[in-house]
Structure formats: structure tokens, C-alpha cells
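What the coordinates show
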Protein chains: 2
Amino acid sequence: MITKAQAKYIQSLSDKKFRTEMRCFVAEGPKIINEFLEEKSVEPIAVYATEEWGGSPANADLTPVLITKRELENISFLSTPNQVLGVFKLPVPDPSYDFWGKLTLVLDGIQDPGNLGTIIRIADWFGIKAIVASKDSADAYNPKVVQSTMGSLARVQIFSEDLVAFLHNHRPIPILAAALDGISLAKIGRVKEGFLVIGNESKGISTEILELATQKLTIPKIGKAESLNAGVAAGILVSAITIPKG
Amino acid sequence: MITKAQAKYIQSLSDKKFRTEMRCFVAEGPKIINEFLEEKSVEPIAVYATEEWGGSPANADLTPVLITKRELENISFLSTPNQVLGVFKLPVPDPSYDFWGKLTLVLDGIQDPGNLGTIIRIADWFGIKAIVASKDSADAYNPKVVQSTMGSLARVQIFSEDLVAFLHNHRPIPILAAALDGISLAKIGRVKEGFLVIGNESKGISTEILELATQKLTIPKIGKAESLNAGVAAGILVSAITIPKG
């Protein structure tokens with residue numbers, strides 16, 4: 001059973017303003033919910049599930065609020081609701097996280113929630129533990145982003161920062177920027193420490209960030225397409241600088 | 001001015017059955033329309049535009065049907081209609097296209113129109129001229145795919161084939177398959193001739209196609225994500241086997 005007040009509260013979490021105010025966000029479906037409960041990096045506040053849901057193998061103590069399919073449809077953000085919806089505490093990125101000696105992704109105005117989710121999965125695949133996003137990037141706890149990360153959000157810390165100030169404060173960590181006039185990614189070896197900056201879908205990286213770059217990197221164009229999708233570009237660049245060669 | 005019959009006809013083109021029957025498809029927005037008119041590989045049947053549209057620099061002879069914004073909203077498939085909508089002849093892939101000596105992408109059941117569009121852009125960026133898609137892949141002329149290719153659809157031929165028969169008929173062209181148990185893409189050099197097979201978003205490549213593979217290729221996983229987006233995986237693999245090294 002879910003009360004009207006609970007349903008209204010969950011619905012309000014589609015809005016970034018409310019997520020920030022309430023310090024929580026929504027995730028849905030057995031796969032993502034289980035990954036979150038397993039990783040323990042995000043703390044569940046309440047889990048609403050239909051009888052279909054088998055519970056979480058990682059967290060047997062957790063007792064979900066039993067609801068009907070109809071109730072789930074009412075609170076779900078998905079077009080096809082899937083057994084379970086959880087409200088979790090918004091993770092606070094570790095203020096003492098050490099960017100030295102590590103590779104970090106920096107997002108300069110990534111707007112599309114699907115692209116942001118894809119990039120979080122890329123980070124998780126290649127073992128990148130932190131993403132620093134500009135204040136005008138899409139919000140990582142937007143329900144669309146949460147769903148498209150497929151659980152990777154539990155393993156990657158997301159910092160929201162003023163990029164210019166942030167990059168200044170972390171000098172001299174190398175800053176690699178994806179740009180059309182850089183050197184070919186085939187000429188770069190593995191990068192174990194640095195910030196890799198990915199730009200906005202249509203405008204690319206802003207001039208002031210490009211000026212801070214210590215190395216511009218290019219994905220050589222062999223054919224004629226005007227651009228690559230931002231998530232694809234991020235994947236190609238990250239793979240080129242993280243996969244052990246030969 | 002647009003008639004009710006024209007509007008109904010355009011609307012029907014959201015449906016693959018009608019596109020196949022009528023042998024035409026829809027593209028929208030000045031950027032894509034101009035790329036199509038420039039490349040001349042797709043033949044316009046009719047172009048409907050509001051007064052805002054400046055016409056096509058590549059095709060000054062083309063006289064659009066002038067319509068109002070309201071009329072454009074009625075026929076458009078976009079949530080934000082953009083000046084111009086064109087109906088084009090469905091391209092027929094060249095039956096004598098020569099797959100020997102070239103790299104070709106093979107899609108085994110790519111379902112998501114956004115992923116398909118992204119993969120067509122990747123092909124165009126890396127100079128791949130043809131994609132062979134299984135019969136159960138998304139249709140490349142679905143309006144969502146057309147829009148997400150950003151014009152690249154005009155430069156990449158799309159073949160729809162029974163993959164097993166097709167690959168048999170093109171032996172001994174090498175068949176590279178993206179799989180979890182293959183060799184690292186870092187161990188492969190440039191591939192100038194071959195079929196690179198990308199699998200379905202959740203099921204991967206079907207067993208019968210995997211059995212035909214002459215080489216299994218893997219994107220090494222350094223972190224913990226369960227999977228990468230299909231478009232991102234395609235981008236990483238294509239970049240690794242096409243970009244000149246060093």
C-alpha cells in the first residue's frame with residue numbers, strides 16, 4: 001500500500017530542485033536496485049515492490065513496501081514499470097577524493113541524459129572512479145540517467161564543479177581535451193594520471209577550458225561524418241588511453 | 001499549402017510497411033535535408049518548408065512546397081519541427097557492391113533506433129561505406145534513425161540480409177565478432193578487409209554467427225560495468241581497427 005503523500009513525494013523526485021532539497025533520488029527495476037543494494041555505496045530509504053519481486057540477494061534484511069502493479073504504474077518513471085522502485089539517499093562525493101595518480105573524466109556541458117548515462121557506464125567499464133561535471137551538465141540523478149547507467153552509478157563518484165576553478169586547483173595534473181585539431185589518439189600511450197575533458201554535444205569544449213588543456217587529442221576522421229555522438233567519442237578516447245597495448 | 005491526403009501520406013511513412021510499399025522515407029531539418037540534397041545519393045520526391053527555410057545551396061532548382069508552421073507541426077515527427085521536411089526515395093543498395101578489400105559493419109539484431117543511427121555515423125566517420133543488417137535489426141529509414149544519423153545515411157549503404165547466408169556467400173572474407181572471450185583489440189592491427197559483427201543490445205551475437213567468426217575481439221574490461229552501450233562498443237572496435245597506428 002502506498003499513500004497519496006508518498007506517491008506525490010516520489011513523483012516530485014523527477015525534479016532536480018526536489019532531489020537536491022530532499023537529498024534523494026529514484027532508481028527502478030530489479031537489476032539496478034540489486035546492484036545498488038550490493039554495492040552499498042548508496043543507502044536505500046524505501047523500496048516499493050510488487051509481489052513478483054524476489055527481493056535482493058545482497059540485502060535480505062531489507063523489507064520492501066508491498067504495492068500492487070497498479071500502484072507501481074502510478075509512481076514509476078518508466079513506460080514499462082519493472083517490479084521494484086527504490087528511493088535512495090543522494091550520494092555525497094568524497095571531499096578528500098585524491099585525483100592525483102588517477103584518470104578522471106571531466107564533462108563540459110554534456111546535456112543529454114542518455115549520453116551522460118552512457119559515459120558513466122564507460123567510466124565504470126574502464127575502471128575510472130570519478131567524473132567531474134560542469135554545473136551546466138545534465139544531472140546524474142535524473143531518473144533517465146540513473147536507468148541508463150545500468151547500475152554503474154553506484155561505482156563512479158560524480159562531482160559537480162566550476163570546471164575552470166577546479167582544473168586550476170588541481171594543477172599540474174595533465175588536462176587532455178578532445179578537440180578537432182589535436183594529435184591522433186594513436187600517438188598517445190596509456191594515460192594513468194590526468195583529466196580527460198569531453199565537450200558539449202553541439203558546442204564542444206568551451207574556449208576557457210581548451211586554453212587550460214596540456215594536450216589536445218583527436219579521433220582521426222577517415223570518412224565524412226561531421227561528428228560522432230558524445231558518448232561514442234568518450235568511449236573511443238577512454239579506450240585508447242586505458243587499454244594496455246600489445 | 002498541404003492537402004489532407006498529403007499529410008496522411010507523410011504520416012503513414014512512420015510505418016515500415018508503408019515505407020517499403022511506397023519506396024520512400026522522411027527526413028527533417030535544414031542540416032539533414034541539405035546533406036541529402038548535396039550528396040545526391042538520395043532522390044527528393046517532395047520538400048515541404050516554411051518561409052523561414054533558406055533553400056538548399058546545393059540544389060537551387062528545388063522548389064519546396066510552402067507551408068505554414070502549423071502545417072509543419074501537423075506533419076512533423078519531431079517534438080520541435082524545424083523549418084523543412086522532405087520525402088525521399090528509399091535508396092536501393094548497389095547489388096554489385098564489392099565487399100572484397102573493404103571493412104564492413106554487420107549488425108546482428110541492433111534494436112534501438114538511436115543505437116543504429118549512432119552506428120551509421122560511426123561508419124561514416126571511419127570511412128566505412130556499407131552496413132549489412134540482419135532482417136530483425138531496426139529499420140534504417142525509421143524517422144528516429146534518419147534524424148540521429150545527422151546526414152550520414154546519405155553516405156553509407158544499408159543492406160538488409162539473412163546474415164548466415166550472406167556471410168557464407170562471402171567466404172573467405174574474415175569475420176570479426178565482438179565477444180567477451182576474444183583477444184584484446186589492442187592485439188589487433190589495422191583491418192582493411194573484413195566483416196565486423198556487432199550484436200544485439202542484450203543478447204549479443206547469435207550462436208550461429210559466432211560460429212562463423214574467424215576472430216573474436218574483446219574490449220578489455222578494467223572496471224566493473226556489466227556492459228557497454230552497443231554504439232559505444234561499435235565505436236571503440238571500429239576505431240581500434242581503422243585508425244593508422246603511431
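To be clear, the structure that these remarks concern was listed above.
1. Some words on the overall build of chain A
Looking only at helices and strands, chain A has nine helices and ten strands in total. Relative to a compact globule of 246 residues, whose C-alpha radius of gyration would be 18 Å, chain A shows 20 Å and is just as compact. Here the C-alpha coordinates of chain A stretch approximately 60 × 40 × 35 Å along the principal axes. Looking at chain A residue by residue over its 246 residues, the buried ones come to 54%. Across chain A, contacts joining residues at least 24 apart in sequence account for 77% of those joining residues at least 6 apart. Of the roughly 11200 Å² of accessible surface on chain A, a fraction of 52% belongs to carbon and sulfur atoms. Charge centroids of chain A, computed over 26 positive and 27 negative side chains, lie 4 Å from each other.

2. With respect to the packing of helix α5 (residues 113–125) of chain B against helix α9 (residues 230–242) of chain B
Two quantities define a packed helix pair, namely the angle between the helix axes and the distance between the axes. Residue and element names in this part refer to chain B. At their nearest, the axes of α5 and α9 sit 8 Å apart, and the two run at 15 degrees to each other. With respect to α9, the element α5 is oriented roughly parallel. Here α5 and α9 pass one another in a crossing that is right-handed. Contacts between α5 and α9 pair N115, T118, I119 and I122 from the former with A230, G231, A234, G235 and V238 from the latter. Among the residues making up the contact of α5 with α9, the classes are represented as five nonpolar, four polar and no charged.

3. Points about the nonpolar core
Counting 113 residues, the largest nonpolar core has A:F36, A:I219, B:F36 and B:I219 as its most contacted members. Residues within four places of B:F36 in sequence aside, it is in contact with B:F25, B:A27, B:V42, B:F88, B:V146, B:G151, B:L153 and B:A154.

4. With respect to the relation of the copies chain A and chain B
Superposing chain A onto chain B takes a rotation of 180 degrees plus a shift of 0.0 Å along the axis, which leaves an RMSD of 0.0 Å. Taken together, these values place the two copies in the relation of a two-fold axis. An overlap of 100% is found between the interface residues of chain A and their copies at the interface of chain B, pointing to a shared contact surface.

5. Regarding the sheet that holds strand β1 (residues 24–28) of chain A
Residue and element names in this part refer to chain A. The strand order across the open sheet built from four strands is β1-β4-β2-β3, with neighbouring strands paired in mixed fashion. Looking at which strands have only one partner, the edges of the open sheet turn out to be β1 and β3 (65–66). Alignment of strand β2 (residues 44–49) against β3, held across two bridges, turns out to be parallel. Among the inter-strand pairings, A49 is bridged to a residue of β3, identified as L66. Strands in contact with helix α1 (residues 4–12) are β1, β2 and β4 (84–89); relative to β4, the strand with the most contacts, it is inclined by about 70 degrees.

6. Thoughts on the interface of chain A and chain B
Contacts between the two partners involve 38 residues from chain A and, on the opposite side, 38 residues from chain B. Summed over both partners, the interface of chain A with chain B comes to about 3100 Å²; 67% of that surface belongs to carbon and sulfur atoms. Linking chain A with chain B are two salt bridges, by the criterion used here. For the salt bridge of A:E226 with B:K31, the shortest nitrogen-to-oxygen distance reads 3.2 Å. At the boundary of chain A and chain B, one finds 16 residue pairs in polar contact (both at pLDDT 80 or more). In terms of residue count, helix α9 (residues 230–242) of chain A provides more of the side of chain A that touches chain B than any other element does, six residues in total. Here the residues of the side of chain A that touches chain B sort into 15 nonpolar, twelve polar and eleven charged.

7. Regarding helix α1 (residues 4–12) of chain B
Note that an α-helix has 3.6 residues per turn; residues three or four places apart therefore point the same way. Within α1(B), the full set of buried residues consists of B:A7, B:I10 and B:S12. The elements touched by buried residues of α1(B) are α2 (16–22), β1 (24–28), β2 (44–49), α4 (69–75) and β4 (84–89) of chain B.

8. Overview of helix α3 (residues 30–39) of chain A
Residues and elements named next belong to chain A. Of all the ten residues making up α3, seven are buried; the element is thus mostly covered by neighbouring parts of the structure. Buried within α3 are the following residues: P30, I32, I33, N34, E35, F36 and L37. Here the buried face of α3 lies against β1, β2, β4 and α6 (143–148). Positive phi appears at K40, one or two residues downstream of α3, with a value of about 60 degrees.

9. A word on the pairing of strand β5 (residues 103–108) of chain B
Residues and elements named next belong to chain B. For β5, the tally of buried residues reaches six of six residues, placing the bulk of the element in the interior. In the sheet, β5 pairs with strand β9 (residues 194–199) via six bridges, with the strands oriented parallel. Within β9, the residue paired with D108 across the bridge is G199. Note: β5 against strand β6 (residues 130–134), three bridges, orientation parallel.

10. Here's the deal with the pattern of salt bridges
As enumerated under the stated definition, the model contains 16 salt bridges over all chains in all. Its salt-bridge partner being A:R19, residue A:D139 comes within 2.7 Å of it at the nearest N-O pair. Taken as a pair, A:D139 in the loop between β6 (130–134) and α6 and A:R19 in helix α2 (residues 16–22) lie far apart in primary sequence, 120 residues in all. The buried category is assigned to A:R19, whose relative accessible area is 3%. Between A:E39 and A:R155 there is a salt bridge, with its nearest N and O atoms 3.1 Å apart. In this pair, A:E39 sits in helix α3 while A:R155 sits in the loop between α6 and β7 (157–161), placing the two residues 116 residues apart along the sequence. A single network of salt bridges, built from pairs that share partners, joins A:K31, A:E35, A:E39, A:D124, A:R155 and B:E226.

11. Description of the environment of A:I175
Residue and element names in this part refer to chain A. With respect to the helices and strands, the residue I175 is situated in strand β8 (residues 175–184). For I175, a relative accessible area of 2% puts it in the buried group. Once the C-alpha coordinates of I175 and K4 are considered, the two residues, 171 residues apart in sequence, prove to be 49 Å apart. The contact partners of I175, leaving out residues within four places of it in the chain, are L167, F195, V197, L212, A213, T214 and Q215.

Definitions and cut-offs
Residues numbered from 1 in each chain as written. Chains lettered and ligands numbered in written order. Predicted model: local features only at pLDDT ≥ 70, side-chain atom pairs only at ≥ 80, totals over all residues. Heavy atoms only, no water. Helix = DSSP H or I, 4+ residues; strand = E, 2+ residues; numbered from the N terminus. Rg over C-alpha atoms; globule rule 2.2 N^0.38 Å. Buried < 20%, exposed > 50% of the residue type's maximum accessible area, 1.4 Å probe, protein only. Contact = heavy atoms within 4.5 Å. Areas by Shrake-Rupley, 256 points an atom, 1.4 Å probe, with all protein chains shown as cover. Lys, Arg positive; Asp, Glu negative; His and termini not counted. Charge placed at Lys NZ, Arg CZ, Asp CG, Glu CD. Axes fitted to C-alpha atoms, helices over the stretch in contact; angles between N-to-C directions. Parallel < 35°, antiparallel > 145°, perpendicular 65-115°, else oblique. Left-handed = near helix turned anticlockwise from the far one by under 90°. Nonpolar A, V, L, I, M, F, W, Y, C, P; charged D, E, K, R; others polar. Core = buried A, V, L, I, M, F, W, Y, C linked by side-chain atoms within 4.5 Å. Least-squares fit on C-alpha atoms with pLDDT ≥ 70 in both. Pairing = 2+ DSSP bridges. Buried area = accessible area lost by both parts, 1.4 Å probe. Salt bridge = Lys/Arg side-chain N within 4 Å of Asp/Glu carboxyl O. Polar contact = N/O pair within 3.5 Å; in protein donor to acceptor, adjacent residues only side chain to side chain.

Honestly, that's just the spatial picture; any functional story needs more than this.
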